[in-house]
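Each chain is listed here by its residues.
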Amino acid sequence: MTNSGVVSNTAVQLDVHRFKKYTGGKNALVAQGGGQRGIFTAGVLDAFILSNFDPFNAFYGTSAGALNLSAFLCRQRGIGKSFILDLTTDPTFFNLFSYIRRRQFLGLDWALDQISDFPYKLDIDLGRQVLGNREAYAAVTDTRRLIDIYLPMLRDDWKKVLIATCAIPRLYHQAVEFDHGTYVDGGVSASIPVQEAWRKEARCIVVIRTEGDDLAAEPEIIPQETRVEWFRDSFNSLQEQWQFKMAQWKTDWGAFLNEKVAQARLQKAEQGHFESLNGGRWLFGADEIYRLSHLLGDKFDSGLADMLMVHYQTYALTQDFLHSPPDDCFIVQIKPDKPLQSSSLMSSKEDLLHDYQVGLDAGYRFIDMYATNVQKPLNLAK
């Protein structure tokens, strides 16, 4: 009997009786990143707000997932949608040609300033009251050790934390410095921070995905003992082992990266233009990173290659965890039934609105399943 299931905008695929047995303990809500595809997550969470649905004890988000969780905790329906639909489509946030020609980087600071002011006015004080004694964390990546770190959300440095979890290397102008470390986008090391929720003793974990079907698995080069260790311990407690394993992986991945770069060169020669900012994961694959660096006149340096390697490794481990979780927890993925129409950047507003509605539908379907089998939310208004 499996301890995992999927709820999409069109179907429920899980053992609801088994699921119910895990809902009495610590429940966690996890939100994947995905750039503008996070508008699907905004739809799911707006459905939760409209139905007064919040049975969760802890929250974990990466990049756009953390932004959406902030809006959810502040109980401001439509804020996550507006952030993506209004602000990330504005040329001030990102303009491809300005980025290439004048090095105009991702306008995260501008967007968060906008969302903090009228007409949006993210109500952080209310979010803190709603959170209460519960936990909310944004995933970031330590630039020195390339491990996942989890920073508390909605504190005095809330804006800086959100910038750090979204600070995609090459797209944002610099890593974000705190007294305790220097960080970049959490998607490098924890694009779906579900393991951290489990490590912190959550036993019913709801994961909002911004992808439909899982991407094809990369070649299996991760030893089974490493897989088990990573499931059960944070990277922090495995630093020395991790550094040793990473040195081994570099050798194994050399051929893989060379193949990716060769594919990128071929694609560039065939297409002759830039189509690199699509996809749901961090920097969207080795070929896109190569083309992005090429456009900027940069080399595909070893630091970026290390980040990419870590991303592929951790994403593969996360896929295993989602589909075959430990016996002591149940994982439900809320995700679209097919790939979203929007991209990570440069999506049309029509595609974004479509994907928001898909998220709303998926959110209501999950609530209906929960209300039927576990307990009714206070309000089921749609």
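Residues numbered from 1 in each chain as written. Predicted model: local features only at pLDDT ≥ 70, side-chain atom pairs only at ≥ 80, totals over all residues. Heavy atoms only, no water.

An unreviewed UniProt entry lists the protein chain under the name Esterase, with Vibrio hepatarius given as the organism.

Undergrad: Looking at this structure, how should I read unusual backbone geometry?
TA: Excluding glycine, a negative phi dihedral is what most residues carry, and trans is how most peptide bonds are arranged. Of note, the bond from F118 into P119 is cis; its omega dihedral lies within 30 degrees of zero at 10 degrees. Of note in this structure, K121 is not a glycine but carries a positive phi near 55 degrees. Among the structural elements, K121 can be located in the loop between α6 (108–116) and α7 (124–131). On the accessibility criterion, K121 (39% relative accessible area) is partly exposed. The phi angle at L154 is positive, at roughly 70 degrees, despite the residue not being glycine. Position of L154 relative to the elements: it lies in the loop between β6 (148–152) and α8 (158–166). (Helix = DSSP H or I, 4+ residues; strand = E, 2+ residues; numbered from the N terminus. Buried < 20%, exposed > 50% of the residue type's maximum accessible area, 1.4 Å probe, protein only.)

Undergrad: I would appreciate a short explanation of the UniProt feature "short sequence motif: GXGXXG" (unreviewed entry) in the protein chain in the present structure.
TA: The UniProt record annotates "short sequence motif: GXGXXG" (unreviewed entry) at residues 33–38. Annotation note: span residues 33–38, helix share 0%, strand share 0%, distance between end C-alpha atoms 6 Å. (UniProt positions renumbered as here; feature names shortened; annotations may be inferred.)

Undergrad: What exactly am I supposed to notice about empty space enclosed by the protein here?
TA: One simple way to see leftover space: roll a probe sized like a water molecule over the atoms. Under the definition given, this model contains 5 cavities of 30 Å³ or more. Here the second largest cavity is characterised by a volume of approximately 100 Å³. Taken together, the elements giving at least two residues each to the lining of the second largest cavity come down to α3 (64–73), α4 (79–87) and α6. Counted by class, the lining of the second largest cavity contains 10 nonpolar, 2 polar and no charged residues. (1 Å grid on protein atoms, 1.4 Å probe; cavity = no way out; pocket = protein on both sides within 12 Å on 5 of 7 lines; lining within 4 Å. Points joined across faces, edges and corners; volume = space filled by probe spheres on them. Nonpolar A, V, L, I, M, F, W, Y, C, P; charged D, E, K, R; others polar.)

Undergrad: Looking at this structure, I do not really get the pattern of salt bridges. What am I missing?
TA: Pairs may arise between side chains of opposite charge once their charged atoms sit close together. Here the structure, examined in full by the defined rule, presents 11 salt bridges. Several salt bridges share partner residues, and in doing so they unite D148, E196, R199 and K200 into one network. (Salt bridge = Lys/Arg side-chain N within 4 Å of Asp/Glu carboxyl O.)

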